[in-house]
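# Report on the structure
Spelled out, the chains give:
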Amino acid sequence: MIDTHCHLDGEEFREDLEQVIARAKEAGVEAIGVPGIDLKSCDTVMALCERYPGYCFPMLGLHPEEVKADWREVLAAIAPTVAGALAVGEVGLDFYWSREFEDAQLQAFEEQVRWSVELQLPLMIHCRKAQNEMVTILKRYKDNLPGGVFHCFTGNAIEAQELLQFDRFVLGIGGVLTFKKSKLPETLAEVVPLDRIVLETDAPYMAPVPMRGQRNEPAFVAHVMRKLAEVYGVSDETVDEVTTANVARIFPSIVNKS
């Protein structure tokens, strides 16, 4: 298994990072994508990935919730480091809590989409309450985008189909799939082929059942994998193989790490 989205550089893992990594490897996690969210975390992400080379892979970018009045200066500081990353991320749009910096978010996201095109690096996209605006921007670059992940997809069938039009992109599926009231199992079974899905935890957030309420960690991605096997009526091994192949397609260097 590959956990494509895990904030291992966070304070939540400071005390027991070695044990968290050991548990991930024991659970069968072969690689972990670690996204940055702001200028400071881009430094901590790179430091962590240098500590675990060939196992943890950096994604660098400015998260929409971190877009403030100084976003241009922040992006200018992040930009020189991005070429050495696995992906541009975690970037996107988030109008769930506030639209105070809506215009800035739109501009910052589009700038980072341009990085993706120029560097031919995939995108790790966060989107909440902003799918229409996100799709509008992505369509401008559709023919030249190298691909990426729509992280933490929890939408309905119509929203899934709209995202799947970007044929080099996949949906990141995490702990929400396992939640009792989630409609995601039905949505995936209805419209999303297994070859358009990658596994993720978004740790330390959104731990899957039966770990819900605990700090999430990469080893718990196994619970997502098992639920996907149930949803698609296939074996755990099939989900493992297909989702890993999907990662190899989107992020060749995360699999071909030798």
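For the structure itself, consult the block above.
Here is what the cut-offs are and how they apply
- Residues numbered from 1 in each chain as written.
- Predicted model: local features only at pLDDT ≥ 70, side-chain atom pairs only at ≥ 80, totals over all residues.
- Heavy atoms only, no water.
- Helix = DSSP H or I, 4+ residues; strand = E, 2+ residues; numbered from the N terminus.
- Rg over C-alpha atoms; globule rule 2.2 N^0.38 Å.
- Buried < 20%, exposed > 50% of the residue type's maximum accessible area, 1.4 Å probe, protein only.
- Contact = heavy atoms within 4.5 Å.
- Disulfide = S-S within 2.5 Å.
- Phe/Tyr/Trp six-rings, centres within 6.5 Å; stacked < 30°, edge-to-face > 60°.
- Lys NZ or Arg CZ within 6 Å of the ring centre and 35° of its normal.

Now for the overall build of the chain. A tally of regular secondary structure across the chain gives 10 helices and 8 strands. Here the C-alpha radius of gyration of the chain, 17 Å, is about what a compact globule of 258 residues would show, namely 18 Å. With respect to the principal axes defined by its C-alpha atoms, the chain has extents near 45 × 40 × 35 Å. Taking all 258 residues of the chain together, 55% fall into the buried category. Put simply, 74% of the contacts in the chain that link residues at least 6 apart link residues at least 24 apart.

Now for the state of the cysteines. Here the structure, examined in full by the defined rule, presents 0 disulfides. Considering cysteine sulfurs only, C49 is the nearest to C42, which forms no disulfide, with 11 Å between them. The closest cysteine sulfur to the non-disulfide-bonded C49 is located on C56, 5.5 Å from its own sulfur.

What follows concerns the packing of aromatic side chains. Counted by the stated rule, this structure contains 4 aromatic pairs. Geometrically, the ring pair formed by Y96 and W97 is edge-to-face, given 4.8 Å between the ring centres and 90 degrees between the ring planes. Since its relative accessible area comes to 64%, W97 is described here as exposed. Considering the side-chain rings of F150 and F169, the 4.9 Å spacing of their centres and the 25 degrees angle between planes classify their relative orientation as stacked. With a gap of 19 residues between them, F150 in strand β6 (residues 148–150) and F169 in strand β7 (residues 169–173) connect regions that are remote in the sequence. Per residue, the accessibility class of F150 equals that of F169, and both read buried. By the ring-pair criterion, three or more aromatic residues cluster together here, those being F150, F166 and F169. The ring of Y96 carries R128 above its face, with NZ or CZ at 4.3 Å from the centroid.

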